[in-house]
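# Structure at a glance
Next come the chains, spelled out residue by residue.
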Amino acid sequence: MKECQPGHRVPNTFGLPATADRYIEIHDVDELHDILNSQFSILNSQLLIVGAGSNMVFTRHFPGTVLHMANRGIRLVKEHGDDLLVEAAAGEVWDDFVRHCIAQGWHGAENLVAIPGTVGAAPVQNVGAYGIEAKDIIHEVHTVELATGHEHTFSNAECHFGYRDSIFKHEAAGQFIVTSVVFRLSRTFAPNLGYRAIAEALTAAGLPSPTPVQLADTIAALRWSKLPRPEETGSAGSFFKNPVVTTEQYETLRAQHPDIVAFPVADGYKLAAGWLIEHAGWKGRSLGRAGVYEKQALVLVNRGGCSGDEVVALSDAIIADVRAKYGVTLTPEAIII
């Protein structure tokens, strides 16, 4: 266990000043149990569970305890024919996990390469990209209930996964800490090439039948051609969710804006938030030291020395402008602390 004194910086990919009363780094489940059994004050203070801080915007000093799972380990749990169950510790870096699986010949996660964050955060946020979400490969999520120290396993169905959503952001928010995740993978490589940008990139590269490594490398290159690398430019990745509107709303918008980007979903149409923001004139603009990324309007960035309040001010201005111009309300995907 690593416990830091008040004022310790809380890691976050936006590069924002973030501190807490107490920051505790936990390296295995036994250590977590020891902390919960011996440090009752933790349960009486505000708690915040942080992975890599890749989806958080800190606007203030956090007046409580930050818990960070730093455990490591990836193992094959079960094998039945080509079907595999693979368990990864919550503290594993997500991209390292995906690349490790590819190297081992465990397939199914290739499209989720290059997403910042940790394995433990993946089910909380139900991370997704290029036609796949974490829920599509998650078998179960192992957790510890903070109030009791009891270990609890959530099945895929019990996680109540939604678009960038799960039970861990609602009913179970702040009550459980993820210790590991078990994934359903396969020894058979069945590439998901349904996302148009992937197909176009593979065609341009002369790779009609890519290997797993070629597919992952292509997707990673696509991702970094549109998004800033956290080590170079502070951001929380995609800042807003793609809004879902009714079919009637979509038809009205399409009549006014024939080039609007949207995708049919069960309850209407999912609009491309990036298109709305860009066509509202925000791409590349800044308010104070927070700005909209020049290559992707869905991403807000730290122009240097930015504060969380500046990020929120920019977010609020974009939301108000998009609502005024399109009648659509954007919702931040990033968590505001």
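Up top is the structure.
Sequence positions are assigned chain by chain, starting from 1 and proceeding in written order. Reporting of local features is limited, given that this is a predicted model, to residues whose pLDDT is at least 70; pairs of side-chain atoms are given and counted only at 80 or more, and all residues count toward the totals for whole chains, interfaces and linings. For the side-chain quantities, the full set of heavy atoms in the structure was used; hydrogens and water were omitted.

## Quick notes on the nonpolar core
One finds Trp94, Phe97, Val141 and Phe183 to be the most contacted residues of the largest nonpolar core, which totals 55 residues. We count a stretch as a helix when DSSP gives it H or I for four or more residues in a row; a strand needs E for two or more, and each element gets its number in order from the N terminus. A per-element tally of this core places strand E13 (residues 176–186) first, with six residues. Two residues form a contact once any of their heavy atoms are found within 4.5 Å. Among all residues touching Phe97, those that are not within four sequence positions of it are Ile74, Val86, Ala88, Val119 and Phe183. Trp275, Cys306, Ile319 and Val322 belong to the second largest nonpolar core, which has 35 residues in total. Here the nonpolar core consists of buried residues drawn from Ala, Val, Leu, Ile, Met, Phe, Trp, Tyr and Cys, with membership extended through side-chain atoms lying within 4.5 Å. Each residue is placed in one exposure class: buried if its accessible area under a 1.4 Å probe, protein chains only, is under 20% of its type's maximum, exposed if it is over 50%, and partly exposed if it falls in between.

## Quick word on the packing of helix H4 (residues 196–204) against helix H5 (residues 212–226)
Axis angles are defined between N-to-C directions and span 0 to 180 degrees, where every axis is a line fitted to C-alpha atoms and, for a helix, only to the segment in contact. Across the interface, H4 lies against H5 with an axial gap of 10 Å and an inter-helix angle of 110°. Compared by their axis directions, H4 and H5 come out roughly perpendicular. Where H4 crosses over H5, the handedness of that crossing is right-handed. Here H4 contributes Ala197, Ile198, Ala201 and Leu202 to the contact with H5, which in turn contributes Leu215, Thr218, Ile219 and Leu222. To sort the angles, those under 35 degrees are grouped as roughly parallel, those over 145 as roughly antiparallel, those from 65 to 115 as roughly perpendicular, and the leftovers as oblique. Here is the rule for handedness: rotate from the far helix to the near one, and if that takes an anticlockwise turn smaller than a right angle the crossing is left-handed, while a clockwise turn gives right-handed.

## Details of helix H1 (residues 29–38)
In an α-helix, one turn spans 3.6 residues; hence positions three or four apart end up facing the same way. Of the positions making up H1, those classed as buried are Glu31, Leu32, His33, Ile35 and Leu36. Taken together, the buried residues of H1 touch strand E3 (19–26), strand E6 (62–69), strand E11 (138–145), strand E12 (151–155) and E13. Under this definition, polar contacts are N or O atom pairs within 3.5 Å; protein pairs additionally need one hydrogen-donor-capable and one acceptor-capable atom, and for neighbouring residues in sequence, both atoms have to be side-chain atoms. Its side-chain oxygen placed 3.1 Å from the backbone nitrogen of Asp30, Asp28 serves as the N-cap of H1.

## Thoughts on helix H2 (residues 94–104)
Inspection of H2 places Trp94, Phe97, Val98, Cys101 and Ile102 among the buried residues, and these make up the whole buried set. Down the axis of H2, the buried set is contained in an arc of 135°. They therefore lie on one face. The elements touched by buried residues of H2 are strand E7 (74–80), strand E8 (83–89), helix H3 (121–125), E13 and H5. As used here, the arc belongs to the directions running from the helix axis to the C-beta atoms.

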